[in-house]
Amino acid sequence: MAKRSTMVFFTTTLAMTGNLWAQELVVDQKNRSFVKDGAEIKTLDIKVGDVIRFKNEDPFFHSIFSESETAKFDLGNYPKGQSKTVTFEKAGKVDIECAIHSKMHLTVNVK
Amino acid sequence: MMLKSRKYRTFNRKDLLAQAIAFGLVAAPMVAQADAGYVYEAGHASLKEWLLPDAAPSPDDNKYSEKRANLGKQLFFDPRLSGTGQVTCASCHFPERGWADGLPTAVRFQGKNVGLATPTIINLGYNDVLMWDGRMPNLEKQGFAGQGKPADINAGSTVEPEVVIERLNKVKAYVKLFEGAYPGEGLTRESVAKALAAFERTIVSRTSPFDRWVKGDKSALTEQQVKGFKAFVEKAKCVTCHLAPNFNDGGFHNIGLKSFGDADHNAGRFKQMKRKSMDGAFKTPTLRDINQTAPYFHDGSAATLKDVVEHYALGGMVKTNLSPSLPQDIALTAQDKDDIVAFMNALTSEQPMFVYPVLPQN
Ligand SMILES: [Cu+2]
């Protein structure tokens, strides 16, 4: 139930971005760090219009947010197996954190 | 409320609201599964993640040396480090009380209550967040701030920390010890902080019965303690936050203590991280040597480990801002509770008799 409603909702994100070339990248939250393609990352370069799917792979909650002007968002708490997407519509730097685990930081450079 | 901070321009507000409601309603009671996949046998490979590294890691500009740790030990026990000349770090963090003080909340010199429990110093070198609200990233920064005027050792004093440093510089033996331990750095607030940190990193617990069992000694844990470990991981899901290897997660949670219901409750992590979920959230503490440091929780509200387990069995008491990771309805039997307490009693390392330092006089 929960899964379906979030899935349906978030797949609409991609459709609504309007950028045909935009790609969706998956960033996992694993061992309390940000992981892409199996390796821990501290920074990530993406293009305007790209979507990041934040996927929780830890057996506990994460709470990912950004206070950066380029893209302010708060994904709230979500458990293992769930993911949420964010579309990055402006160029600039975005500092992404987890409200629960203070060491979790990811800098996204939107170009 | 939460919606205000959400600004995805791709969504309209109605969608957001529907999503937030759907997610909030169905996701909130869901607690992540602790699927640790352990095999509960002494020495089993699946348990190795519980073993702590031999030494707590130290930063490049304060690598461990015996000279540094010994000097830090003297400073930790030296009242001349305080403005009044009457308080030491060990006035609250004393070795015979698991490096805490046995009080519900700390009491400063001249009687003022700090309003927070004194945490243990044990295994802090393995952590990357310090203080109940996580405002310090490492022991060096804590040692520097800990010499400041509002710090606990300076209660009742109007003396500036620089004056304390001048005072210590008059003790020639100290100047010499600093030259030996930190050549060319002098005796400064920074080098004092470094020495304190070097000493604190030596206060470790990693040879408990549990550690010996993880390494393969079958007789190190009783059958009840093994059952308690299993309940700690699976049924009670304590391991959701008290993770390997140091029984903590570098994170902050509101676990629904009664004091959170007070109008003037301590906001905890919220003071550093202005997000609603962090109101009343505090650092997950280590559970190593935990039977040495009663009473428990940041407000000292649990007198015994049994009380702690009873609190979790209720899923917290004030549930207005609970961590989503705090299990609800875990239905622990009386036996489960006793087993978990028995397990926590197996987390204490046997330590050699502590030897107090001799302080340099002049
Ligand atoms: Cu997190």
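Residues numbered from 1 in each chain as written. Chains lettered and ligands numbered in written order. Predicted model: local features only at pLDDT ≥ 70, side-chain atom pairs only at ≥ 80, totals over all residues. Heavy atoms only, no water.

Focus: the overall build of chain A
And then number 1: Across its full length, chain A carries one helix and 10 strands.
And then number 2: Ordered by position in the sequence, the α and β elements of chain A form the string α-β-β-β-β-β-β-β-β-β-β.
And then number 3: Residue pairs at least 24 apart in sequence account for 62% of intrachain contacts in chain A once pairs closer than 6 positions are excluded. (Helix = DSSP H or I, 4+ residues; strand = E, 2+ residues; numbered from the N terminus. Contact = heavy atoms within 4.5 Å.)

Here's the deal with the pattern of salt bridges
Residues and elements named next belong to chain B.
And then number 1: Per the stated rule, a full pass over the model turns up 23 salt bridges over all chains.
And then number 2: As a salt-bridge pair, Asp78 and Arg80 come within 2.9 Å of each other at their nearest N and O atoms.
And then number 3: Taking the relative accessible area as the measure of exposure, Asp78 reaches 1% and is therefore buried.
And then number 4: Owing to a relative accessible area of 17%, Arg80 belongs among the buried residues under this scheme.
And then number 5: A salt bridge links Lys194 to Glu185; its shortest N-O distance comes to 2.9 Å. (Salt bridge = Lys/Arg side-chain N within 4 Å of Asp/Glu carboxyl O. Buried < 20%, exposed > 50% of the residue type's maximum accessible area, 1.4 Å probe, protein only.)

Some details on the confidence of the model for chain A
Detailed conclusions should not be drawn from predicted coordinates in areas where pLDDT is low.
And then number 1: Averaged over chain A, the pLDDT score is 87; the fraction of residues at 70 or greater is 82%.
And then number 2: Within the model, the stretch residues 1-15 of chain A combines pLDDT values under 50 with 21 contacts to residues more than four positions away or in other chains. (pLDDT = per-residue confidence, 0-100.)

Remarks on the coordination of the copper ion
And then number 1: Looking at the copper ion, the protein donor atoms are A:His62 (ND1), A:Cys98 (SG), A:His101 (ND1) and A:Met104 (SD), and they sit 2.0 to 2.7 Å from it.
And then number 2: Its four donor atoms give the copper ion angles of 90 to 133° at the centre, a pattern that matches the tetrahedral case. (Donors = N, O, S within 2.8 Å, 3.2 Å for Na, K, Ca; no water. Tetrahedral: all angles 85-135°; square planar, octahedral: opposite > 155°, others 65-115°.)

What to know about the side chain of B:Thr105
Residues and elements named next belong to chain B.
And then number 1: The residue Thr105 is located in the loop between helix H2 (66-76) and helix H3 (139-145) in this model.
And then number 2: Polar side-chain contacts of Thr105 include one of 2.8 Å to the side chain of Asn113.
And then number 3: Beyond its immediate sequence surroundings of up to four residues, Thr105 is in contact with Asn113, Gly115, Leu116, Ala117, His298 and Asp299. (Polar contact = N/O pair within 3.5 Å; in protein donor to acceptor, adjacent residues only side chain to side chain.)

Here we look at the nonpolar core
All names here are of chain B.
And then number 1: Trp50, Phe210, Trp213, Phe229, Phe232 and Met344 are the most contacted members of the largest nonpolar core, which has 38 residues in total.
And then number 2: Breaking this core down by element, the ones donating at least two residues are helix H7 (209-214), helix H8 (223-235), helix H9 (305-313) and helix H10 (334-344).
And then number 3: With five residues, H8 is the single largest residue contributor to this core.
And then number 4: In this structure, Met344 is in contact with Leu287, Ile290, Leu305 and Val309, ignoring residues within four places of it in sequence. (Core = buried A, V, L, I, M, F, W, Y, C linked by side-chain atoms within 4.5 Å.)

A word on the domain arrangement of chain B
Residues and elements named next belong to chain B.
And then number 1: The domain architecture assigned to chain B consists of domain 1 (13-55 + 206-347) and domain 2 (60-200).
And then number 2: A straight line from the C-alpha centre of domain 1 to that of domain 2 covers 29 Å.
And then number 3: The interface is formed by 28 residues belonging to domain 1 together with 22 residues belonging to domain 2.
And then number 4: Around 1900 Å² of area is buried between domain 1 and domain 2 when both sides are counted, 58% of it from carbon and sulfur atoms.
And then number 5: Seen at the junction of domain 1 and domain 2, the total is zero salt bridges.
And then number 6: Between domain 1 and domain 2 we count nine residue pairs in polar contact (both at pLDDT 80 or more) in total.
And then number 7: Residues belonging to the side of domain 1 that touches domain 2 are distributed by class as follows: nine nonpolar, 11 polar and eight charged. (Domains from an automatic or database assignment. Buried area = accessible area lost by both parts, 1.4 Å probe. Nonpolar A, V, L, I, M, F, W, Y, C, P; charged D, E, K, R; others polar.)

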